Amino acid sequence: MDRRNFLKLTAVTGTTSALAACGNPEHTLIRFVPDEDIEPGIAVWKPSVCPLCANGCGLTVRVMDADVEVVRGSQAGVVRKPVAKKLDGNAQHPSSHGGLCPRGQAAIQVTYHPDRIAQPLKRAGERGDGRYVAISWDQAIGELAAALDRLAGAGRQQALACLVRPGRSQRRTLVDTFLSRFGAPPALSPELFGDDVLRRANGLSFGRSQLPTIDLARARFVLSFGADFLGTWNSPVAHNASYGEMRQGRLGVRGVFVQVEARMSQTGASADQWMPARPATEGILALGIAHVIMAAKLAAAADAGRAGRLIDGWSSGLPEYTPARVQELTGVPAARIERLARQFGEIRPAVAVVSGPPLGHTNGLFTALAVNALNALVGGVERPGGLFFMPQLEAGSNRPARTIGAVAGEILGASASPVEAVLIDGANPVHASPRAWRVRDALLKVPFIASFGSFLDDTSVLADLILPDHSFLESWVDALPESGSLDPIASVAGPVMRPLYDTRAMPDVLIDVSKRLQRPLTPALPASFEAMLQASVERLQPGAADAWTKATEQGGWWGAARSTVPPAEPAVTRTVARTEPAFDGDAGEYPFHFLPYPSQAFGDGATAHLPWLQELPDPLTSAMWSSWVEVGTETATKLGISLGDVIEITSPRGSLRAPAVVSPGLAPYLIAMPMGQGHRTYTRYASGRGVNPAELLGAVTEPETGSLAWAATRVRIAKVGEKDGSLILFAGGMREAHPAHRL
């Protein structure tokens, strides 16, 4: 389908005029949804599940008839069929409550994207140059099965690696089952802003190695250490709903909210008090607050239970964390610490939350354990207004035994790659990992790569074989969220429309491949992914004849589970003491801390190919279609930097240039950049746009989990140019200034 026909099909007229202000043809958005003016009819609403993050929010999809161009057997044609027109939140879903974030709204563009891969492809050029030829499904599945047979024939099943998207689901369970029965290691879930440090801390403190559900609706005091829970972390849709209840849903009660962070996030902008602390000292601040609470006898050390006993010096009242000493280490005035601690200790129910930059340091585990102990001290765990842990229906399987950095190191360190085949399902580690890990170089050494992606991105463009997945609207989809509700959830939904192209659902392709192997898997995989999903739902309600029917009608199963995964008994008995953080870069040569942060629109960059999200103004800067560098007002004044000036940022790993945004919500020792842009390959909308801050990051890690310490790189900056118009602001005067943005 060419662009001209696609525009005709999707009634672009109204949208084009609205978006022409971008001033650049490549910025023009397409209305991907058929218009009822072209094909009038009666709409039908069907349930589905959002696939764009691990929360798996419930959707309702408006479906209408339309004449659409399709591909069948490599032949294009036009047929009338029901197609998805609009996505909204599922009001019955216990996590999303009818809400939907901007990324969820834009998810419909995955199906109608003009650069979507429409049939199986085989590499025809050099790796990475994007040259492919179309092949049949029979050939594609045969070549994948043959590659796996070669490994099995040589007894090298362990040389198969699988890179998958983060999140828990039956789809992930199927992949793990396939790998286990084939004899391969567990799949890896590369994730730049992963939460493994917090899961580890919660496992040690509370016996639950998972993300918490925050009962904001019943809290009267929320103290957050870096958690952007209203913007990008955990389950923002659920958090926003309960946050509204906390602030305005109770007559005469308005919960207090304090945010501790060195860069003001979307969540911090909503707080009553915003409190910057020096990077990697947030755990010290938490223990300073706990010290005051215990000294004032607002709570006793024993009240924190095991979470407190894990902290060195806890039973004696944390004598090393006096407000005066904490002020020296964190930069937060002692009087403010005293005042905050007394408020937090007196107002109940109160809850402390930690995530984001405080855990992106080499001492992140200490920080998380310190906040957990503070939270337990004020009774903020498993009580109304505190943290809860959603009962899990499946054991967590998305915690990689190895990081992608470790695997890349093994490949690059050997004369012949120990990994001989890689399967990729929704992961893009070439973009979302530090340059220092050299993931791209490592993948280039792997003899065979197959991707199930719907788009060519920085990683899948290295594939030898592409077996394109259906979009989530064309196939069975599911999610097993680990948080966002007090009750367990198994989101599941069937296809809402027939496939547009010659694609196939990845789970069913995997099942098909398993049947073609010379050594069939034992026991065999389920007959189909739909059958697997049905069995999983029926296990939740044994004997209920309508369990599957009800689940497919409402978009999932939720309620009190008959059988869930019990909490693990904490096994570690040692105490944890404060450790000095390590940084990549000498403070004398690199005076600023560097903070990459997940974009509201793109996360770590996974949704940068969706033009609605490129057009979405950043909530704090209004920037769009571009990268930018955030510089604090004090630093900008000192260095003579103004809005739009071109800044060069240099770390020990390299340098990049981007326009400046001067921000009053940034501490003077910090330089920040949003992730998302800087893709080499990711459709017409994201390729070659902006720069990738991950390329500056050092390869430092949190020692216990091996997770990347993504906030532990130091940089220096220099102004290298005046405004050049590369910073695109919503309704900004600079928007049309750059020559490349003129028609």
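Attention in this report is confined to the structure presented alongside it.

Side note on the overall build of the protein chain
- The number of helices and strands found in the protein chain is 21 helices and 24 strands.
- The burial tally for the protein chain puts 59% of its 743 residues in the buried class.
- Contacts in the protein chain between residues at least 24 apart in sequence constitute 73% of all its contacts with a sequence separation of at least 6.
- Accessible surface, the protein chain as shown: approximately 27500 Å² in total, 51% of it carbon and sulfur.

Re the pattern of salt bridges
- Counted by the stated rule, this structure contains 35 salt bridges.
- A salt bridge links Asp176 to Arg172; the shortest N-O distance between them is 3.2 Å. One end of the pair is Asp176 and the other is Arg172, both in helix α6 (residues 170-182) and four residues apart, which spans about a single turn. Grouping residues by exposure puts Asp176 and Arg172 together as buried.
- Between Arg199 and Glu482 there is a salt bridge whose closest N-O contact spans 2.6 Å. Of this pair, Arg199 sits in helix α7 (residues 196-206) while Glu482 sits in the loop between β16 (477-479) and β17 (489-493); the two residues are 283 residues apart in sequence, bridging distant segments of the chain.

A closer look at α6
- Taking 1.5 Å per residue, 13 residues should reach 18 Å; α6 reaches 18 Å between its end C-alpha atoms and fits that length.
- Those residues of α6 that sit buried are Gln170, Arg171, Arg172, Leu174, Val175, Asp176, Phe178, Leu179 and Phe182.
- Looking at the buried positions of α6, the neighbouring elements they touch are α5 (137-153), β6 (160-164), β13 (421-425), β16, α16 (506-516) and α17 (529-540).
- Two or three places before Arg171, at the start of α6, stands the capping residue Ser169, its side-chain oxygen 3.4 Å from that residue's backbone nitrogen.
- Gly183, located one to two residues past α6, shows a positive phi value of around 105 degrees.

Looking at the state of the cysteines
- The full count for this structure, using the stated rule, is zero disulfides.
- The cysteine Cys50 is free of any disulfide, with Cys101 supplying the nearest cysteine sulfur at 6.0 Å.
- Given a relative accessible area of 9%, Cys50 falls into the buried group.
- In this model Cys57 remains outside any disulfide bridge; the closest cysteine sulfur is found in Cys53, 6.0 Å from its own.
- With relative accessibility at 9%, the residue Cys57 sits in the buried group.

Description of the nonpolar core
- Ranked by size, the top nonpolar core spans 69 residues in total, and within it Leu223, Phe225, Phe229, Ile289, Trp314, Phe344 and Leu374 carry the most contacts.
- Counting residues per element, the ones that place at least two in this core are α7, β8 (221-225), α8 (236-248), β9 (256-260), α9 (282-295), α12 (334-346), β11 (350-354) and α13 (364-377).
- By residue number, the principal contributor to this core is α13, which donates ten residues.
- The residues contacting Leu374, other than those within four sequence positions of it, are Leu223, Phe225, Ala286, Ile289, Ala290, Ile293, Trp314, Phe344 and Ala352.

Details of empty space enclosed by the protein
- Tallied over the entire structure, the rule returns seven cavities of 30 Å³ or more.
- Class assignment for the residues of the lining of the largest cavity results in twelve nonpolar, five polar and one charged.
- Quantified by volume, the second largest cavity comes out at close to 80 Å³.
- Along the walls of the second largest cavity sit 13 residues, with Ile404, Val407, Ile411, Val422 and Leu443 positioned nearest its centre.
- Of all the secondary-structure elements, those providing two or more residues to the lining of the second largest cavity are β6, α14 (404-413) and α15 (439-444).
- If one sorts the elements of the lining of the second largest cavity by residue count, α14 sits on top with four residues.
- Classifying every residue of the lining of the second largest cavity gives 13 nonpolar, no polar and no charged.

The rules we used
Residues numbered from 1 in each chain as written. Predicted model: local features only at pLDDT ≥ 70, side-chain atom pairs only at ≥ 80, totals over all residues. Heavy atoms only, no water. Helix = DSSP H or I, 4+ residues; strand = E, 2+ residues; numbered from the N terminus. Buried < 20%, exposed > 50% of the residue type's maximum accessible area, 1.4 Å probe, protein only. Contact = heavy atoms within 4.5 Å. Areas by Shrake-Rupley, 256 points an atom, 1.4 Å probe, with all protein chains shown as cover. Salt bridge = Lys/Arg side-chain N within 4 Å of Asp/Glu carboxyl O. Expected span 1.5 Å × (residues − 1). Polar contact = N/O pair within 3.5 Å; in protein donor to acceptor, adjacent residues only side chain to side chain. Disulfide = S-S within 2.5 Å. Core = buried A, V, L, I, M, F, W, Y, C linked by side-chain atoms within 4.5 Å. 1 Å grid on protein atoms, 1.4 Å probe; cavity = no way out; pocket = protein on both sides within 12 Å on 5 of 7 lines; lining within 4 Å. Points joined across faces, edges and corners; volume = space filled by probe spheres on them. Nonpolar A, V, L, I, M, F, W, Y, C, P; charged D, E, K, R; others polar.

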